[in-house]
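# Structural overview
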Amino acid sequence: RNQEIESARTTCLSGISDLSDEYEKIKYIYTYLIDNVDYDLDAPDNQNIYSALVGKRSVCAGYAKSCQYLLQQLGIYCIYVTGQTTDPNGGVADHAWNIVQCNGQYYYVDATWGDPIFLGEDNGYQIPNLIAYDYLCCSEKELEKTHMISTDYVYPSCQSENLNYYQLNGMYYDTYEPGMLREVIARSIESQEAYTIFKMSDDAVYQEVVDEMHETLMEEGAGYLGELYGLWQVSYSYSEEASLNKFIIYWFYE
């Protein structure tokens with residue numbers, strides 16, 4: 001088993017040789033686990049790294065312990081933490097995730113909750129599975145919307161929001177500006193992007209954006225898509241993730 005784990009580790013880390021930045025290394029491991037491990041309550045050995053790295057099936061313990069193991073191999077401080085989570089229906093469950101240190105600051109990482117949930121089909125099109133980067137190097141402000149860390153231990157405080165994925169990639173909005181949202185949608189369609197993501201800073205801005213999306217913006221975007229590409233019929237879909245203040249539009253070009 002040790003040999004199998006070491007082989008899996010070598011395979012994983014072989015793809016990171018050209019990455020020198022700590023954040024990129026953390027993002028790589030986060031994405032690798034999500035892409036290569038399936039969440040499975042019945043997975044054998046699901047409380048250890050063997051289940052995730054070799055069996056490719058695990059639960060939160062396997063994800064988090066594997067994240068810790070792989071990042072420590074890269075010389076990055078990473079610890080295993082436990083607590084509870086709440087779902088949109090109010091259900092509470094025990095959970096495990098990580099705290100990492102990156103560029104001198106502490107952040108939460110939860111690869112389990114970053115794993116995409118299949119959203120179903122709409123108008124004959126399959127909505128793509130998207131990794132939720134909300135749980136990559138996030139702050140207490142972000143994580144405490146759904147997670148409650150155990151009080152059994154004193155953990156490093158995760159206050160920094162410098163590595164918010166959506167801020168780093170121009171998808172984050174702290175004010176409601178319909179004109180800017182229209183420009184973002186237009187650029188996304190012109191680039192034939194499969195989806196457009198909007199991540200808002202708080203509940204109030206999120207609700208304003210969602211209301212405007214339903215009232216005008218999505219319909220206007222669909223009209224522009226049809227006009228730009230000469231389509232007589234346009235299909236699109238969307239997802240509202242209120243707990244994350246995130247709204248996604250999925251565009252179909254055929």
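Computed from a prediction, not measured in an experiment: that's the story for all the values here.

### Describing the nonpolar core
Residues I26, I29, Y30, L71 and C137 are the most contacted members of the largest nonpolar core, which totals 56 residues. Considering each element in turn, this core owes the most residues, eight residues, to helix α2 (residues 22-36). Aside from chain neighbours lying at most four places away, what touches C137 is Y23, I26, V100, Y107, Y108, V109, L163 and N164. Ranked by size, the runner-up nonpolar core spans 19 residues in total, among them V184, V205, V210 and Y253.

### Notes on the sheet that holds strand β4 (residues 92-102)
Read across the sheet, four strands follow the order β5-β4-β3-β8 without closing on themselves; strand pairing throughout is antiparallel. The sheet is open, and its two borders are formed by β5 (105-109) and β8 (147-149), each paired with just one other strand. Each adjacent strand pair in this sheet contributes to an overall mean axis angle of 40°, direction not counted.

### Quick look at the packing of helix α1 (residues 2-13) against helix α4 (residues 60-73)
Following both chains from N to C, one finds α1 and α4 inclined at 65°, their axes separated by 11 Å at the closest point. One finds that α1 runs roughly perpendicular with respect to α4. Considering only the axes of α1 and α4, their crossing is right-handed. Listed contacts from α4 to I5, R9, C12 and L13 of α1 are Y69, L70 and Q73.

### Some details on the confidence of the model for the protein
The pLDDT averaged across the protein works out to 92; a share of 95% of its residues lies at or above 70. No element of the protein has a lower mean pLDDT than strand β6 (residues 121-122), at 44, and none a higher one than β5, at 98.

### Let's talk about the environment of P156
Its place among the elements puts P156 in the loop between β8 and α7 (165-168). Separated by 141 residues in sequence, P156 and G15 place their C-alpha atoms 30 Å apart. When residues no more than four places from it in sequence are discounted, the contact partners of P156 are Y77, I79, I99 and Y106.

Cut-offs and rules
Residues numbered from 1 in each chain as written. Predicted model: local features only at pLDDT ≥ 70, side-chain atom pairs only at ≥ 80, totals over all residues. Heavy atoms only, no water. Core = buried A, V, L, I, M, F, W, Y, C linked by side-chain atoms within 4.5 Å. Buried < 20%, exposed > 50% of the residue type's maximum accessible area, 1.4 Å probe, protein only. Helix = DSSP H or I, 4+ residues; strand = E, 2+ residues; numbered from the N terminus. Contact = heavy atoms within 4.5 Å. Pairing = 2+ DSSP bridges. Axes fitted to C-alpha atoms, helices over the stretch in contact; angles between N-to-C directions. Parallel < 35°, antiparallel > 145°, perpendicular 65-115°, else oblique. Left-handed = near helix turned anticlockwise from the far one by under 90°. pLDDT = per-residue confidence, 0-100.

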